[in-house]
Amino acid sequence: SQASFEENSQKQPAVGHWKTLMPSKGSKEEPEPGCQDAGGVDEAQATEQLNVSRLRSSSVEIREKGSEFLKEELHKAQKELKLKDKECERLSKVREQLEQELEELTASLFEEAHKMVREANTKQAASEKQLREARGKIDMLQAEVTALKTLVITSTPSSPNRELHPQLQSPSKAVFRKGHGRNKSTSSAMVSAASHNVTPEPVSHECREVDSILFAEFQAWKESPTLDKSCSFLDRIYQEDVGPCLDFTKQELSELVRVAVEQNTLTIEPVASQSLPMVKVAAEECGGPKKCALSGLPRTCKHRIMLGDSGNYYYISPSCRARITAVCNFFTYIRYIQQGLVRQDVELMYWEVMRLRREMALAKLGFYPSDM
């Protein structure tokens, strides 16, 4: 019995210990306060860590989505930039093509205009030559008619003109002529009249040869065209052509004219085109319709010039106008070359310059067209 009691006493605490650790489902015993606080803290920390991990994962996801969106936008922007670059390149090519076509069109128009001017001048010269020949023929016919009238008038029935009627001459002097014949007086009258009124013009075939020194100077100037007269090409033309052509009696006014021609500010206009403005300088310096302001000689002045915007007009004679016009034509042509508007062979441009120099030389010597 004692052994059974000891055995029962040994088994009882063991049963009570399991009840404490593993309480039954319907037991109302509460855990100890220390154990409860420790479990709540662990659960809160776990919840907080879970929330932090969720926030971190959501922020990483947001960043990834944001970076993908930015990459897509950047890719789109790069594509748009490439398209715009291609469009800009295409437009720049179109602009360059239009500029080149415009430049070629301007050059071709200038060449065509220059060609038309040359053809018009050639036709005008041919027409003037034909007019002179026709006038010479008319004068010759008029002289012949006048001689015939003279012979007819001097031959009367009472005193017939034996030269007009060869049948009245003696047999020794009569000359048999077959067909129509003219008497000696008629022929001599026609020849004398023709010799006084008709001047035969010799037919000349112009030959030309390139001067090596002048051509080399022009080629050097053509490489870098400039209006600076210090270069050898323009220096020679100034000394040989421009200077002498613009050297008038009135030296001070001649210098002003030269400067205005170089600066392209000189204006020439007919006198009768407008009403005469008020002249600010003395009439003696400006000349008048009957006096040239550059030469100081009494000449009929059909034109006047104005230097720049001064408003002062100077009357010039036809010879002075021809000299100024020749120099202006030369400067206009070399300005066109400088601006790249002349698209011709170098030799053709050289001969055009030589032709303009010849016009200046002829104008200096006093030769000028009749329509001046």
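Criteria and thresholds
Residues numbered from 1 in each chain as written. Predicted model: local features only at pLDDT ≥ 70, side-chain atom pairs only at ≥ 80, totals over all residues. Heavy atoms only, no water. Helix = DSSP H or I, 4+ residues; strand = E, 2+ residues; numbered from the N terminus. Buried < 20%, exposed > 50% of the residue type's maximum accessible area, 1.4 Å probe, protein only. Contact = heavy atoms within 4.5 Å. Areas by Shrake-Rupley, 256 points an atom, 1.4 Å probe, with all protein chains shown as cover. Core = buried A, V, L, I, M, F, W, Y, C linked by side-chain atoms within 4.5 Å. pLDDT = per-residue confidence, 0-100. Expected span 1.5 Å × (residues − 1). Phe/Tyr/Trp six-rings, centres within 6.5 Å; stacked < 30°, edge-to-face > 60°. Polar contact = N/O pair within 3.5 Å; in protein donor to acceptor, adjacent residues only side chain to side chain. Patch = residues over 30% accessible without salt bridge, like charges linked within 9 Å, V, L, I, M, F, W, Y side chains within 5 Å. Salt bridge = Lys/Arg side-chain N within 4 Å of Asp/Glu carboxyl O. Lys, Arg positive; Asp, Glu negative; His and termini not counted. Charge placed at Lys NZ, Arg CZ, Asp CG, Glu CD. 1 Å grid on protein atoms, 1.4 Å probe; cavity = no way out; pocket = protein on both sides within 12 Å on 5 of 7 lines; lining within 4 Å. Points joined across faces, edges and corners; volume = space filled by probe spheres on them. Nonpolar A, V, L, I, M, F, W, Y, C, P; charged D, E, K, R; others polar. Domains from an automatic or database assignment.

Colleague: Outline the overall build of the chain, supporting the account with residue identities and numerical values.
Modeller: Counting its secondary structure elements, the chain contains nine helices and three strands. What you see in the chain, going N to C, is helices and strands ordered as α-α-α-α-α-α-β-α-β-β-α-α. Within the chain, the proportion of its 372 residues that are buried is 23%. When contacts within the chain are restricted to residue pairs at least 6 apart in sequence, long-range pairs at least 24 apart make up 66% of them. Carbon together with sulfur atoms contributes 56% to the accessible area of the chain, which is approximately 27,500 Å² in total.

Colleague: I'd like a rundown of the nonpolar core, residues and numbers included.
Modeller: With 48 residues, the main nonpolar core has Val242, Val257, Leu294, Ile324 and Phe330 as its most contacted residues. Mapped onto this core, the elements with two or more residues apiece are α4 (212–223), α5 (232–245), α6 (251–262), β2 (303–307), β3 (313–316), α8 (318–338) and α9 (346–364). The biggest single contributor to this core is α8, with nine residues. Residue contacts for Leu294: discarding those within four places in its chain leaves Phe248, Thr249, Lys250, Leu253, Ser254, Val257, Tyr315, Ile316, Cys320 and Ile324.

Colleague: So what's going on with the confidence of the model for the chain? Which residues, and what values?
Modeller: In the predicted model, the chain carries a mean pLDDT of 77, and 70% of its residues have values of at least 70. Mean pLDDT per element in the chain: helix α3 (residues 184–197) is the minimum at 38, and α5 is the maximum at 95. Per-residue pLDDT stays below 50 along residues 165–203; that stretch engages in 29 contacts with residues further than four places along the chain or on separate chains.

Colleague: I'd like a rundown of α8, residues and numbers included.
Modeller: The first and last C-alpha atoms of α8 sit 30 Å apart over 21 residues, in line with the 30 Å expected at 1.5 Å per residue. Taken from the residues just after α8, Gly340 is the one with a positive phi, measuring 80°.

Colleague: Tell me about the packing of aromatic side chains, residues and numbers included.
Modeller: Tallied over the full model, the rule gives nine aromatic pairs. The interplanar angle of 90° and the centroid separation of 5.2 Å between the aromatic rings of Phe215 and Tyr350 together place this pair among those described as edge-to-face. Of the two residues, Phe215 sits in helix α4 while Tyr350 sits in helix α9, which places them 135 residues apart along the sequence. Each member of the pair, Phe215 as well as Tyr350, carries the same accessibility label: buried. Relative to Phe331, the ring of Tyr238 has its centre 6.0 Å away and its plane inclined at 65°; by these criteria the two rings are edge-to-face. Of this pair, Tyr238 sits in helix α5 while Phe331 sits in helix α8, placing them 93 residues apart in sequence. As far as burial versus exposure is concerned, Tyr238 and Phe331 are alike and both buried.

Colleague: Explain the side chain of Ser254 to me, using residue names and the numbers behind them.
Modeller: As for its position among the elements, Ser254 is in helix α6. Among the polar contacts listed, one links the side chain of Ser254 to the backbone nitrogen of Phe248, at a separation of 3.2 Å. Not counting the four nearest positions on each side in its chain, Ser254 is found in contact with Leu246, Asp247, Phe248 and Leu294.

Colleague: Please give an account of a negative patch on the surface that cites residues and values.
Modeller: A cluster of like negative charges, contributed by Glu64, Glu68, Glu72, Glu73 and Glu80, occupies part of the molecular surface. Along the chain, Glu80 turns up in helix α2 (residues 33–154).

Colleague: Before we move on, can you summarise the layout of surface pockets with the specific residues and values?
Modeller: Looking at the largest pocket, its volume works out to about 2,100 Å³. Surrounding the largest pocket, 46 residues form its lining, Asn121, Thr122, Arg355, Arg358 and Glu359 being those nearest its centre. Contributing elements (two or more residues each) for the lining of the largest pocket: α2, α8 and α9. Across the lining of the largest pocket, the residue classes break down as 22 nonpolar, ten polar and 14 charged. If you count residues domain by domain, the lining of the largest pocket takes at least three from each of domain 1 (50–155) and domain 2 (212–271 + 318–365).

Colleague: Could you give me a rundown of the pattern of salt bridges, with the residues and numbers involved?
Modeller: Considering all chains together, one arrives at 13 salt bridges under this definition. Two residues, Glu87 and Arg90, come together in a salt bridge whose shortest N-O distance is 2.5 Å. A residue pair is termed a helical-turn pair when its members lie 3 or 4 positions apart in one helix, as Glu87 and Arg90 do in helix α2 at three residues. Put simply, Arg355 and Glu352 hold a salt bridge, and the shortest N to O gap is 2.6 Å. Of the two residues, Arg355 and Glu352 both sit in helix α9, three residues apart, roughly one turn of that helix.

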